[in-house]
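Take a look at the letters that make up each chain.
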Amino acid sequence: MEREKRVTNKSWHSQETKEVIELLGTNSTKGLSEVEAQERLNKFGENVLPEKKKESRLIRFFKHFNDILIYILLIAAVVTALLGHWVDTIVIVIVAVVNASIGFFQENKAEKALEDIKKMLSHTAQIIRDGKRVEIGASHLAVGDIVILHPGDKIPADLRIIKSDNLRIEESALTGESVPSEKNVTVIDADTPLGDRTNMAFSTTTVSAGTGIGAVVAIGQDTEIGKINRMMSEVKQITTPLLKQTASFGKTVSMVIIVIAILVFAFGYFFRDYQTGELLMSVIGLAVAAIPEGLPAILSIILAIGVQNMAKRNAIVRTLPSVETLGSVAVICSDKTGTLTKNEMTVKSLITATGEFHVTGTGYSPKGDIMKAEEKADFSSEPVLDELVGCFYICNEASLGKDDEGNWYVKGDPTEGALITLYEKAPVDHHETDRLATIPFDSEYKYMATLAECEDKNIIYIKGAPDRLLGMADKQLSEDGLKVFDRKYWESKIHGLAGNGQRIIGGAYKIVDKQKKKLSHEDIQEGVVFLGLAGIIDPPREEAIEAIGQCAQAGITVKMITGDHIETAKSIGKDMGIGDGSMALEGKAIERMADEELEEAALEYNIFARTSPEHKLRLVKALQARNIICAMTGDGVNDAPALKKADVGIAMGIKGTEVTKDAAEMVLADDNFSTIAAAVEEGRRVYDNLKKTILFILPTNGAESFLIIASILFGTLMPLTPIQILWVNMVTSVTISLALAFEKLEPDTMKQPPRSSRTPLLNGYFIWRILFVSILIGGGTLLLNLYLLANGVSEDIVRTVTIQTIVITQMFHLYNSRSIRQSAFSRDFFSNKAVFVVSGLLILLQLFITYIPFMNDVFGTVQLPLHFWIYPFAFGFLIFVIVEIEKYVMRKIDLIKTK
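The structure reproduced in this document is the subject of the present report.

Conventions used here
Residue positions are counted from 1 within each chain, in the order its sequence is given. Given that the model is predicted, a residue must reach a pLDDT of at least 70 before its local features are reported, and side-chain atom pairs must reach 80 or more before they are shown or counted; all residues, however, enter totals for whole chains, interfaces and linings. Where side-chain values are given, they derive from all heavy atoms of the structure, hydrogens and water being excluded. Each helix is a run of H or I in the DSSP string that is no shorter than four residues. Each strand is a run of E no shorter than two, and both are numbered from the N terminus. Three exposure classes are used, based on accessible area relative to the maximum for each residue type with a 1.4 Å probe and protein chains only: buried under 20%, partly exposed in between, and exposed over 50%. We call two residues in contact whenever any of their non-hydrogen atoms come within 4.5 Å of each other. For the accessible areas, the method is Shrake-Rupley and the probe is 1.4 Å, while residue cover comes only from the protein chains on display. Expected helix span is taken as 1.5 Å per residue step, with the number of steps being one fewer than the number of residues. Think of each axis as a best-fit line through the C-alpha atoms, taken over the contacting stretch in the case of a helix, with angles from 0 to 180 degrees between the N-to-C directions. Our angle categories are set so that under 35 degrees counts as roughly parallel, over 145 as roughly antiparallel, 65 to 115 as roughly perpendicular, and the remainder as oblique. The hand of a helix crossing depends on one turn: near helix anticlockwise from the far one by less than a right angle means left-handed, and clockwise means right-handed. Under the scheme applied here, ten amino acids are nonpolar (Ala, Val, Leu, Ile, Met, Phe, Trp, Tyr, Cys and Pro), four are charged (Asp, Glu, Lys and Arg), and all others, including Gly, are polar. Should DSSP find at least two bridges between two strands, the strands are regarded as paired. To count toward a patch, a residue needs a relative accessible area above 30% and no salt bridge. Like charges then connect within 9 Å, nonpolar side chains (Val, Leu, Ile, Met, Phe, Trp, Tyr) within 5 Å. The rule for a salt bridge is simple: a side-chain nitrogen of Lys or Arg has to be within 4 Å of a carboxyl oxygen of Asp or Glu. In protein, a polar contact requires one atom able to donate a hydrogen and another able to accept it; more generally it is a pair of N or O atoms within 3.5 Å, and residues adjacent in sequence count only if both atoms are side-chain atoms. The arc in question is traced by the directions running from the helix axis to the C-beta atoms. Each pair of aromatic rings taken from Phe, Tyr and Trp, with Trp reduced to its six-membered ring, is defined by centres within 6.5 Å and is described as stacked if the planes are under 30 degrees apart, edge-to-face if over 60, and tilted in the remaining cases. Crossover handedness is defined here as right-handed if the route from the first strand over the helix to the second strand goes clockwise, with the strands pointing away from the viewer.

## Some points on the overall build of the protein chain
Within the protein chain, the secondary structure is distributed over 32 helices and 28 strands. Burial statistics for the protein chain: of 899 residues in total, 57% are counted as buried. Partitioning the intrachain contacts of the protein chain with sequence separation of at least 6 by distance along the chain shows that 71% fall at a separation of at least 24. Taken as a whole, the protein chain presents about 38000 Å² of accessible surface, with 57% of it coming from carbon and sulfur.

So, in structure tokens, the structure goes:
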């Protein structure tokens, strides 16, 4: 028990190295013995993440039948089979299977996020066992093993650093920190945030420079990456607003159908002289007529078209309902590093004793200028600036490169890469300088020094933390030569840059004898001349600033959630239009808050700094607790749980980790935050078109139901058989309504606030319009039936005319439905060519069902004499005119209300 208690200790960063070694029961020089390591592996398990049980493809397919409307269809199929109407049974079953198949093939592919986390884990580790250095599989690491670290190594488990030699580790994917973290062995407070634990190394992060030794303190699911894995496993997939609305709609429709079917059957049985079998078929016809069985298929198809449109705009959507959810997003929670910013360190400010300079251009691309006031700096008259830029170039280990696609990248430390880019921007003679000796940067003394050879002298160039260089300098260089060092001047400048969220690097030099060829720390403790300061930021994406403005116009709040320092976060936030630059909440404060307090804070604050993966997840939950539909963007592993929990998770496609991409519903192919604004626009267009589709489809069901109920009540000819009803429903929903998916965005849609998650799928006006058109089509068709029967037309011809009347009238109604309120004859009348294509296709299908013998036999239709076609077309045009008049009246009412 004591050993188990030891190895599950959680505050390794707050204990001395000797105490850590003792608690782990290991030896810092000899490591564990093979016997002890094996015992621990047997007791605590291997250094792997737990497997997740996968759902079979068959089960996933059958889940698409889990819809109450489909249940009613299947019951109808069983009843028709019992009555011996096998053609009706087969067609009904085919419709149900087609719906399920469309949903199955369009849904998100198998969940891969946990698998990708496992791929990120290191495969091997260099360790010390029994006093010998050996390489083993990372899965066989035990708590207490001593791991040796070199540049490029992937950290195999969570380690407590026990030795560091200029060790720097790239942790941005885990912590959100935009530059490699400098590691040491110094004890820190127990409540230190994850991103500030400088004596720890975490599984899946990468050594970027230096060497070190660490003791394994956590393996597998106990590591920080393991906690993220566990959080992702525990996060329950939420239902999107559209799925909630359609599920609620389906239940309501099904209850209404069942109640009406029972009442109609009872009326027909007791008050009309119907055979039981005939009455059952009529009631089944009523149920089939009332069910919008084509709606699930058309919804999937419209969403799939939305997916394709978004892909053209660099937004890859992985789950269909997320297309529509984007249109209702009220809050976008965005990671900072790599999402709102470029994740490419850039020098923005330079300060010398003679003035202040602004550097244009962002990222590692050497495009830009060094400006003084509003003009390019004249380096011939700015010798101090020339010397400072040269110092930063010579005292540097990084270099720039360009990939096959023309993108610039840095080899080495990102901060040093920013200084190289600065040098390339400067209008100076770009020549190489012979370096004789170097003191590499180390977090212990916080500077780097390089001895460079010049013509008649040698110069030691120094760059590093300003506080260290201020303590070493006794003079400063100005345009008039050397001056007495003015410490207060430089401290005020440092304070100003830090207040703007910039990382600060100082530059200095010392002239030494030409004969000096070696370099030591003692050489730069006096006689140092201070040159100036460089302010470095991870710059905002210009297009992201514009996109945030577009989001604000659309009533969407953007919140920045980052692992970076609070001052940096506030500065970036202010530049981008997020918050006011003064209000921000730190992870420590979030840690202390109860859920109710955090809900208030999540609404009040727009900037959150020094956050951990748990904090991001809690913030998303807090917003959702207030019924706010939120999206979460990010690119690091630390963002994955929050992305999975959010209503829409959005990952970066280029710089995002595979784990993040597979936890997300949408991936930005260009890593461009502005693509989100375009995706929101597309999401709103899709939702508008879905509502237009419902407004178009449901009158078909309403008209058929009206016809059947009326025929049973009045004891007249059953106007349509179940199989004919299915034909009408499917041909109108899967062909004509498909054209509405291509309608353009309604005017001012992006100037409207996002809709509430509680907004019903059908509002009062929609219900009115559906009832109005249903009664028009159903009542008009019934009158036409009675007229034809009264004139001695055969029942088969009347049924065939009825099919044509409903379908052709719906074709005319399609043009009404292109805009909910606006006139059909707008300037965009010819903008959607699909409307005309499907109209032609529909007429062709109706000719097939009327004149092809095979289809006559299956659907019970007959070949119509030519003069009968005037009825459906004349009636369809009449309905079109009446609905346009209704829309005109409603527009006038809207105008009166706004006055």
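## Observations regarding helix H32 (residues 870-898)
Between its first and last C-alpha, H32 extends 43 Å over 29 residues, near the 42 Å set by a 1.5 Å rise per residue. Listing the buried residues of H32 in full gives Pro872, Phe875, Gly876, Ile879, Phe880, Val883, Glu884, Glu886, Lys887 and Met890. The inward-facing, buried residues of H32 contact helix H28 (764-790) and helix H29 (795-817).

## Quick notes on the packing of H28 against H32
Two measures define how a pair of helices packs: the angle their axes make with one another and the distance between the axes. Packing of H28 against H32 leaves a shortest axis separation of 11 Å and a crossing angle of 155 degrees. Viewed along their axes, H28 and H32 adopt a mutual orientation that is roughly antiparallel. Considering only the axes of H28 and H32, their crossing is right-handed. Residues Tyr765, Trp768, Arg769, Phe772, Val773, Leu776, Ile777, Gly780, Thr781, Leu784, Tyr787 and Leu788 of H28 lie in contact with H32, whose contacting residues are Tyr871, Phe875, Ile879, Ile882, Val883, Glu886, Lys887 and Met890. For the contact of H28 with H32, the per-class residue count stands at 15 nonpolar, 2 polar and 3 charged.

## Quick notes on the sheet that holds strand E8 (residues 315-317)
Taken in spatial order, the 8 strands line up as E8-E28-E27-E26-E9-E23-E25-E24 in an open sheet, and their pairing is mixed. A strand with exactly one partner marks an edge of an open sheet, and here the two such strands are E8 and strand E24 (585-586). Strand direction decides the pairing type here: strand E23 (residues 557-561) and strand E25 (residues 607-609), joined by 2 bridges, are parallel. Considered in E25, the bridge of Met560 is made with Ile607. Contacts from helix H26 (residues 674-714) reach E8, strand E9 (331-334), strand E26 (630-634), strand E27 (648-652) and strand E28 (666-668), with the element oriented near 135 degrees to E28.

## Observations concerning a nonpolar patch on the surface
There is a patch of nonpolar side chains on the surface, built from Leu841, Ile843, Leu844, Leu847, Phe848, Ile852 and Phe854 and spanning about 580 Å² of accessible area. Ranked by residue count, the leading element in the nonpolar patch is helix H30 (residues 833-851), at 5 residues. By the element assignment, Leu847 lies in helix H30.

## What about the side chain of Gln476?
Within the secondary structure, Gln476 sits in strand E19 (residues 473-478). Here Asp486 takes part through its backbone nitrogen, which lies 2.9 Å from a polar atom of the side chain of Gln476. A polar contact of 2.9 Å, which involves the side chain of Gln476, links it to the side chain of Trp490. Residue contacts for Gln476: discarding those within four places in its chain leaves Ala353, Gly481, Leu482, Lys483, Val484, Phe485, Asp486, Trp490, Val529 and Phe530.

## Considerations on the pattern of salt bridges
If you walk through the whole model with that rule in mind, you get 29 salt bridges. With a closest N to O distance of 1.9 Å, Arg610 and Asp196 form a salt bridge. Pair noted here: Arg610 is in the loop between E25 and helix H23 (613-625) and Asp196 is in the loop between strand E5 (181-182) and strand E6 (200-201), with a separation of 414 residues, a long-range link. Judged by relative accessible area, which is 5%, Arg610 ranks as buried. With a closest N to O distance of 2.7 Å, Arg626 and Glu600 form a salt bridge. One end of the pair, Arg626, is in the loop between H23 and E26; the other, Glu600, is in helix H22 (residues 595-604), and 26 residues separate them in sequence. Arg626 gets classed as partly exposed once you look at its relative accessible area, which sits at 31%. Residue Glu600 is classed as partly exposed on the basis of its relative accessible area of 46%. Linked by salt bridges that have partners in common, Arg313, Glu681, Glu682 and Arg685 make up one network.

## Things to note about the packing of H26 against H28
Where H26 contacts H28, the two axes come as close as 7 Å, and the packing angle between them is 45 degrees. Here H26 lies oblique to H28, going by the angle between them. By crossing handedness, the relation of H26 to H28 is classed as right-handed. Counting all contacts with H26, which are made through Lys691, Leu695, Leu698, Pro699, Gly702, Ala703, Phe706, Leu707, Ala710 and Phe714, the residues of H28 involved are Phe766, Arg769, Ile770, Val773, Ser774, Ile777, Gly778, Gly779, Thr781, Leu782 and Asn785. Residues belonging to the contact of H26 with H28 are distributed by class as follows: 13 nonpolar, 6 polar and 2 charged.

## Re the side chain of Glu224
Secondary-structure assignment places Glu224 in helix H9 (residues 224-234). For Glu224, a relative accessible area of 11% puts it in the buried group. In this structure, Glu224 is in contact with Asp158, Leu174, Leu194, Arg197 and Phe202, ignoring residues within four places of it in sequence.

## Notes on H30
Over its 19 residues, H30 extends 28 Å from the first C-alpha to the last, a length consistent with the 27 Å expected when each residue adds 1.5 Å. Residues of H30 that are buried: Ala834, Val835, Val838, Ser839, Leu842, Gln846, Ile849 and Thr850. Down the axis of H30, the buried side of the element spans an arc of 140 degrees, and every buried residue falls inside it. Exposed residues on H30 whose side chains face more than 90 degrees from its buried face are Lys833 and Val837. Capping the start of H30 is the job of one residue whose side-chain oxygen sits 3.1 Å from the backbone nitrogen of Ala834: Asn832.

## Details of the packing of aromatic side chains
Applying the stated criterion to the full structure yields 20 aromatic pairs. Arranged with centres 4.9 Å apart and planes meeting at 90 degrees, the rings of Phe829 and Phe830 form a pair that is edge-to-face. Relative accessible area serves as the criterion here: at 17%, Phe829 is assigned to the buried category. Residue class for Phe830 comes out exposed when judged on its relative accessible area of 61%. One aromatic cluster is present, formed by Phe812, Tyr815, Phe825, Phe829, Phe830, Phe836, Phe873, Phe877 and Phe880 through successive ring pairs.

## A look at unusual backbone geometry
Although it is not a glycine, Thr204 adopts a positive phi angle of roughly 80 degrees. Structurally, Thr204 can be placed in the loop between E6 and strand E7 (206-218). Judged by relative accessible area, which is 9%, Thr204 ranks as buried. Of note, the phi angle at Asn314 is positive, near 70 degrees, even though the residue is not glycine. Locating Asn314 in the fold gives a position in the loop between helix H12 (295-312) and E8. With relative accessibility at 33%, the residue Asn314 sits in the partly exposed group.

## With respect to the pairing of E26
Of all the 5 residues making up E26, 5 are buried; the element is thus mostly covered by neighbouring parts of the structure. In E26, alternate side chains face the same way, and those of Cys630, Met632 and Gly634 on one face and Ala631 and Thr633 on the other are all buried. In terms of strand pairing, E9 meets E26 through 4 bridges, oriented parallel. Directly across from Val331, in E26, lies its bridge partner Cys630. Taken together, the 4 bridges between E26 and E27 define a ladder with parallel strand orientation. Bridged to Met632 within E27 is Gly649. The parallel pair E26 and E27 is bridged by helix H24 (residues 640-645), and the resulting crossover is right-handed.

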